[in-house]
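Next come the chains, spelled out residue by residue.
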Amino acid sequence: MHRSHRRTRTPGRTRTPGRSHTDAPGRAGTAGRAGTAGRAGTAGRAGTAGRAGTAGRSGAAVPTGVARRAGAPAPYATAGRPRTPVRARLRVRGAAAVCAVVLASALGAGPGPGSGSGSGSAAPTPAAGSIRWGDCPDKPVPDGMTCGSVTVPLDHDDPAKGTIRVALARIPATAPGRHPLGSLLLNFGGPGGRGTTSLAADPATFAKLGERYDLVTFDPRGVGLSEPVSCGGSQEVGDRVPADAASQLAALRAVARRCALHSGPVLPYVGTVQVARDMEAIRRALGDRRLNYLGFSYGTRLGAVYAALFPHRTGRMVLDGVDTLGEPLAEQALASARGRQRALERFLAWCAHRETCVYGTNTRTAKERVDDLVARLDRDPLIGDDGSWFTGQDAVDAIATALYAQAAWPALADALALAERRHDPVGLMQLGGPTGPVPDAGDGPARVPADNAEAALTAVNCADDPDRSEDRAAPAAVEREIRDLEPEFRAVSEVFGPGQLGTVLACYGRPAGTDFIRRIDHPGAPRMLLVGTRGDPATPYEWTEETARRLGSAVIVDHKGDGHTGYGTSACVRGYADAFLTDGHLPHGTRACPAGE
């Protein structure tokens, strides 16, 4: 998710979100912004920490004003905790407050007929043809990388509706003489992240696997070069919409209609279940007897759904940064706020051991000072050198971004010191400050709408949740219900809670999604490896345990470190994953990987 263009902002601008399961296998390199096409929706390239998409924060019951596009891997919920008093129709996962008094903006478009395989059975996929590999439309690419596509049904439940093409990229095995293993399919996260550009950005992370596997990835349907969806440049509701609840809700419905208008026929068929069935078509086109797979963050949900749909075609599967399969979006928003708060406290404990830490050695007062910084900037934003406003919510975004990779913590510590001591936001802006949309890529062969990552993220999030907001409820009732949730969100985190509260209407006005994912229960897939990181700000460790129970055939690697996912930063995690994927070695029971190893 890399947004590159800033724009001058006015405090109070309302916009809809685009969150992101930001996902990056992350090799901790730099803290990247998560969420746009290479964004951690992309989790991108395996090496950047995606920008955490937090939602707009402000002092109101539901954040007013500076609503932000969300960008984090999906907010995640804690397994086993009691449900909040939020009816299933309220949703989450995206970010951005939309109504001055109550509403959150919507996260994109949702699924329509046929978006899920409600019965749980996978209808036969038409025989996939061979793939013709050739030059890649995006440049540059690593030596040896070629691109192609596979034709799949628009609607797997009704192939007569037509077909679409899913874009692929491949790097052939570098040592094929040493017992070649066929193809390894990778998904770097999202939803909304492009696999083709993510693999091109950092193939070195997977070099060992690439000795015996052809490394293959794809742009999921609705993303990148695979029939990209769009909302016409933005999911913002606009500045001129009155602040009353009825007007704001009507504006959210208008955004949904705009997304449908600009996305075309693929939009009702975007979602994890449909993409998992595309993966089966990819497996057949590649000629592999079973699907071997490595998925990060949102990619873990995709892998789990494939294993549930096609247990007898599932090969060696590693899921890192494990997503939930059952929590409604509102629960995920709470868990996201909780996970980020926990990661922030780990960062502050680390900072307390640095002589230059602006918050000193008392971690309790340090938390209070971060709360104060955010509140102060919401009241009185700083002005960047480029004239853009830098608000408390922008600070929240920057902090959340840096928490995705421990390698970014020194930069975060320096940026906070600069903001506190000199009232200079430049350091925080470099981590994830206010940005504007990236201009359209033009008419070249790799043309992708600038808002594609966010539009796809919304569409998938809504397609994967069977609940929906109650369009027929009186605006006052919706407002009251959201206001009732505020104390719980604030109790979880004063920094991240208010913004996540602003996502409970993320799918307002969108059709209900599939309930297949929520019903996954011991599908009979082969044993697989799940990796959970204790300090992960996006995918709480509890979700690894929850998903392992749901799959009933998983071995857990308990990574004691920090940051989002473990493969790119922990040699220990990578050792377990590579041994299983290349040699089939899978231990019994939970295995631990200490921090830093």
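Residues numbered from 1 in each chain as written. Predicted model: local features only at pLDDT ≥ 70, side-chain atom pairs only at ≥ 80, totals over all residues. Heavy atoms only, no water.

**Q** Before we go on, may I ask you to explain the packing of aromatic side chains in this structure?
**A** To describe a pair of aromatic rings, you give the distance between the ring centres and the angle between the ring planes. One pass over the full model with this rule turns up eight aromatic pairs. Aromatic pair Trp350 and Trp409: ring centres 5.8 Å apart, planes at 65 degrees, arrangement edge-to-face. Taken as a pair, Trp350 in helix α6 (residues 329-351) and Trp409 in helix α9 (residues 409-422) lie far apart in primary sequence, 59 residues in all. Taken together, the ring pairs connect Phe188, Phe206, Phe296 and Tyr567 into an aromatic cluster. One cation-aromatic arrangement involves Arg534 over Tyr541; the distance from NZ or CZ to the ring centre is 3.8 Å. Geometry around Tyr567 places Arg574 over its ring, the cationic atom sitting 6.0 Å from the centre. (Phe/Tyr/Trp six-rings, centres within 6.5 Å; stacked < 30°, edge-to-face > 60°. Helix = DSSP H or I, 4+ residues; strand = E, 2+ residues; numbered from the N terminus. Lys NZ or Arg CZ within 6 Å of the ring centre and 35° of its normal.)

**Q** Help me understand the pattern of salt bridges, please; the structure alone is not making it clear to me.
**A** Where charged atoms from two side chains of opposite charge approach closely, those side chains can pair. Per the counting criterion, the structure on display carries 23 salt bridges. Here Asp583 makes a salt bridge to Arg212, at a shortest N to O gap of 3.2 Å. Here Arg212 lies in helix α2 (residues 209-212) and Asp583 lies in helix α15 (residues 571-583), a separation of 371 residues in the sequence. Looking at Asp583, the relative accessible area reads 41%, which means it is partly exposed. With relative accessibility at 14%, the residue Arg212 sits in the buried group. (Salt bridge = Lys/Arg side-chain N within 4 Å of Asp/Glu carboxyl O. Buried < 20%, exposed > 50% of the residue type's maximum accessible area, 1.4 Å probe, protein only.)

**Q** Help me understand the sheet that holds strand β2 (residues 163-171) in this model?
**A** Working definition: the strands of a sheet are paired by backbone hydrogen bonds and lie parallel or antiparallel to each other. The mixed open sheet is built from nine strands, whose spatial order is β1-β2-β4-β3-β5-β6-β9-β10-β11. Each having just a single partner strand, β1 (146-153) and β11 (591-593) make up the two edges of the open sheet. With strand direction ignored, the average angle separating the axes of adjacent strands in the sheet is 20 degrees. As defined by bridge partners, strand β10 (residues 554-562) adjoins β11 across three bridges and the pair is classed as parallel. Residue pairing for β11: His559 is matched across the bridge by Cys593. Helix-sheet contacts for helix α4 (residues 272-286) involve β1, β2, β3 (183-187), β4 (214-218) and β5 (291-296), and the interaxial angle to β1 is about 120 degrees. (Pairing = 2+ DSSP bridges. Axes fitted to C-alpha atoms, helices over the stretch in contact; angles between N-to-C directions. Contact = heavy atoms within 4.5 Å.)

**Q** I tried to follow helix α11 (residues 452-463) on my own but got confused; where do I start?
**A** Because each turn of an α-helix spans 3.6 residues, side chains separated by three or four positions in sequence point in the same direction. Its 12 residues give α11 an end-to-end C-alpha distance of 16 Å, which sits within 8% of 16 Å, the value for a rise of 1.5 Å per residue. By the criterion of burial, α11 is predominantly enclosed, with 12 of the 12 residues buried. Buried within α11 are the following residues: Asn452, Ala453, Glu454, Ala455, Ala456, Leu457, Thr458, Ala459, Val460, Asn461, Cys462 and Ala463. Buried residues along α11 sit in contact with α4, α5 (298-309) and α6. (Expected span 1.5 Å × (residues − 1).)

**Q** Explain the environment of Asp583 to me, please; I cannot follow it from the model alone.
**A** Sequence-wise, Asp583 and Leu181 are 402 residues apart; in three dimensions their C-alpha atoms are separated by 9.6 Å. Setting aside residues no more than four positions away along its own chain, Asp583 makes contact with Arg212, Arg316 and Asp578. Polar side-chain contacts of Asp583 include one of 3.2 Å to the side chain of Arg212. (Polar contact = N/O pair within 3.5 Å; in protein donor to acceptor, adjacent residues only side chain to side chain.)

**Q** Before we go on, may I ask you to explain the side chain of Gln341 in this structure?
**A** Along the chain, Gln341 turns up in helix α6. When its relative accessible area of 11% is taken as the criterion, Gln341 is described as buried. Aside from chain neighbours lying at most four places away, what touches Gln341 is Lys367, Val492, Ser493, Val495 and Phe496.

**Q** Mind showing me how you'd approach the side chain of Thr324 here?
**A** When you line up the elements, Thr324 lands in the loop between β6 (314-320) and α6. On the basis of relative accessibility, which here comes to 0%, the residue Thr324 falls in the buried class. Within the structure, Thr324 has its side chain in polar contact with the side chain of Glu546 (distance 3.1 Å).

**Q** Help me understand the state of the cysteines in this model?
**A** What we call a disulfide is simply a covalent bond connecting the sulfur atoms of a pair of cysteines. Tallied over the full model, the rule gives five disulfides. At a sulfur-sulfur separation of 2.0 Å, the disulfide partner of Cys136 is Cys147. Here the disulfide of Cys136 and Cys147 is right-handed, its torsion about the S-S bond being about 95 degrees. Here the residue Cys136 occupies a position in the segment before β1, and Cys147 occupies one in strand β1, the gap between them amounting to 11 residues. Across the disulfide, Cys572 is cross-linked to Cys593 (sulfur-sulfur distance 2.1 Å). Judged by the sign of its S-S torsion, about -75 degrees, the bond between Cys572 and Cys593 is left-handed. Here Cys572, found in helix α15, pairs with Cys593, found in strand β11; they are 21 residues apart in sequence, far enough to count as distant. Residue Cys593 is classed as buried on the basis of its relative accessible area, which comes to 0%. Once the bonded cysteines of the chain are numbered in order along the sequence, the disulfide links fall as 1-2, 3-4, 5-6, 7-8, 9-10. (Disulfide = S-S within 2.5 Å.)

Keep in mind these numbers describe shape, not what the thing actually does.
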